Amino acid sequence: MSKKGMMVILSAPSGCGKDTVFHEILNIRNDVKESISATTRQPRIGEADGVNYFFLSKDKFEEMIENNEFLEYASYNNCYYGTPKKAAMDMVEQGKICFLIIECQGAKKVMKNCPDAVSIFLMPPSIETLEKRLKKRNTDSEEQIANRLRIAEAEIKSSSVFDYIVVNNELEKAVDEINEILNNELEKRNA
Ligand code: 5GP
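Predicted model, so just to flag it, every value in this text is computed and none were measured.

> Looking at this structure, I do not really get the overall build of the chain. What am I missing?
When its secondary structure is counted, the chain shows seven helices and nine strands. In terms of overall size, the chain behaves like a compact globule, its C-alpha atoms giving a radius of gyration of 16 Å where 191 residues would be expected to give roughly 16 Å. Judged by the C-alpha coordinates and their principal axes, the chain covers about 50 × 40 × 30 Å. Each of the 191 residues in the chain was classed as buried or not, and the buried ones make up 45%. Of the contacts formed within the chain by residues at least 6 apart in sequence, a portion of 69% connects residues at least 24 apart.

Here's what the structure looks like:
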């Protein structure tokens, strides 16, 4: 019997370090892949189309919504973000662990539509740490940072709907914890 894949939702407030955590996981496992999202936000310096995101116009994004091409999508900080359905489904079909690194509204939609998906909320040690990280990143205006922090507080409040909550205080510890979750969940599915 071929090995079963699975969908993993990794959600966290913006600036919590979910990309860093995910890259560490990519370094230690060869069965993990990331779903590349589509967005209508502008690329940041260093970001490339088809690598970090598919950067789309609002019209193109809305056309894809109409055609039911998203597994989920959400509006965040005045932009659309969405998971292209086919690519994510194909990864799971091929026995991979498909990571969806998405914000909470989208995460909840995936939990509803794909009850088999494993959901992990990465919790910042505190709102103050998050604020420091967002400021250090130097990619958003003061207003956007304030908005991201407001969203973060709401996300933290609703984190109990996730299967697992992992606190990102020490990178290595958070990565180990997620790695163990993946091993346990795979074992259940392939038993
Ligand atoms: P950023 O603008 O910082 O790249 O992303 C903002 C937020 O959107 C982050 O929390 C990120 O995880 C989330 N995000 C990225 N891609 C998707 C997606 O496909 N769907 C949803 N719902 N959120 C996404």
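> When you look at the packing of aromatic side chains in this model, what are you seeing that I'm missing?
Aromatic ring pairs are defined here through the distance separating the ring centres and the angle between the ring planes. Summed over the entire model, instances satisfying the criterion amount to 10 aromatic pairs. For the pair tyrosine 73 and tyrosine 80, a centre-to-centre distance of 6.2 Å together with 75° between the ring planes defines the contact as edge-to-face. Residues tyrosine 76 and tyrosine 81 carry aromatic rings whose centres are separated by 5.8 Å and whose planes lie at 80° to one another, so their mutual orientation is edge-to-face. Taken individually, tyrosine 76 and tyrosine 81 each receive the classification buried, so the pair is uniform in this respect.

> Quick question: what am I supposed to make of the packing of helix α5 (residues 127-137) against helix α6 (residues 142-157) here?
Helices that pack against each other are described as a pair by the angle of their axes relative to one another and the distance between those axes. It is at 10 Å that the axes of α5 and α6 come closest, and there the two elements cross at 145°. Regarding α5 and α6, the two cross each other, and that crossing is right-handed. Between α5 and α6, the contacting residues are Ile127, Leu130, Glu131, Leu134, Lys135 and Arg137 on the first element and Glu142, Ile145, Arg148, Leu149, Ala152, Glu153 and Ile156 on the second. Within the contact of α5 with α6, the residues separate by chemical class into seven nonpolar, no polar and six charged.

> Looking at this structure, I do not really get the sheet that holds strand β8 (residues 118-123). What am I missing?
Backbone hydrogen bonds hold the strands of a sheet together, and the pairing may be parallel or antiparallel. Strand order in the open sheet formed by five strands is β2-β7-β1-β8-β9, and the pairing between neighbours is parallel. At either margin of the open sheet sits one strand with a lone partner, and together these are β2 (32-34) and β9 (164-167). Across this sheet, the average inter-strand angle for adjacent strands is 25°, counted without regard to direction. Across four bridges, β8 lies against β9 in parallel orientation. Residue isoleucine 120 lies in a different strand from β9, and its bridge partner there is tyrosine 164.

> Explanation requested: the site of the ligand in the structure shown.
In the vicinity of the ligand, 17 residues are found, and the nearest of them are Ser37, Tyr53, Glu72, Tyr81 and Glu103. A distance of 3.0 Å separates an oxygen atom of the ligand from a polar atom in the backbone of glycine 82. Taking 510 Å² as the accessible area of the ligand by itself, protein coverage stands at 94%. If you list the elements that add at least two residues to the shell around the ligand, you get β5 (70-76) and β6 (79-84).

> I tried to follow the sheet that holds β6 on my own but got confused; where do I start?
Reading across the sheet, the four strands line up as β4-β3-β6-β5 and stay open at both edges, with mixed pairing between neighbours. The open sheet terminates on both sides in strands that have one partner only, identified here as β4 (54-55) and β5. By the bridge criterion, six bridges tie β5 to β6 in an arrangement that is antiparallel. When the bridges of β6 are listed, glutamate 72 appears paired with threonine 83. Relative to the sheet, helix α3 (residues 85-93) contacts β5 and β6, its axis offset from that of β6 by approximately 35°.

> Would you mind going over the pattern of salt bridges with me for this structure?
Pairing is possible between side chains of opposite charge, provided their charged atoms come close. As enumerated under the stated definition, the model contains 10 salt bridges in all. Residue arginine 29 pairs with aspartate 31 through a salt bridge whose shortest N-O separation is 2.9 Å. Accessibility assignment for this pair places arginine 29 and aspartate 31 in one class, buried. Two residues, arginine 41 and glutamate 47, come together in a salt bridge whose shortest N-O distance is 2.8 Å. The exposure class of arginine 41 is buried, given its relative accessible area of 10%. One connected set of salt bridges, linked through shared partners, spans Arg137, Asp140 and Arg148.

Basis of the calculations
Residues numbered from 1 in each chain as written. Predicted model: local features only at pLDDT ≥ 70, side-chain atom pairs only at ≥ 80, totals over all residues. Heavy atoms only, no water. Helix = DSSP H or I, 4+ residues; strand = E, 2+ residues; numbered from the N terminus. Rg over C-alpha atoms; globule rule 2.2 N^0.38 Å. Buried < 20%, exposed > 50% of the residue type's maximum accessible area, 1.4 Å probe, protein only. Contact = heavy atoms within 4.5 Å. Phe/Tyr/Trp six-rings, centres within 6.5 Å; stacked < 30°, edge-to-face > 60°. Axes fitted to C-alpha atoms, helices over the stretch in contact; angles between N-to-C directions. Left-handed = near helix turned anticlockwise from the far one by under 90°. Nonpolar A, V, L, I, M, F, W, Y, C, P; charged D, E, K, R; others polar. Pairing = 2+ DSSP bridges. Near = heavy atom within 4 Å. Polar contact = N/O pair within 3.5 Å; in protein donor to acceptor, adjacent residues only side chain to side chain. Areas by Shrake-Rupley, 256 points an atom, 1.4 Å probe, with all protein chains shown as cover. Salt bridge = Lys/Arg side-chain N within 4 Å of Asp/Glu carboxyl O.

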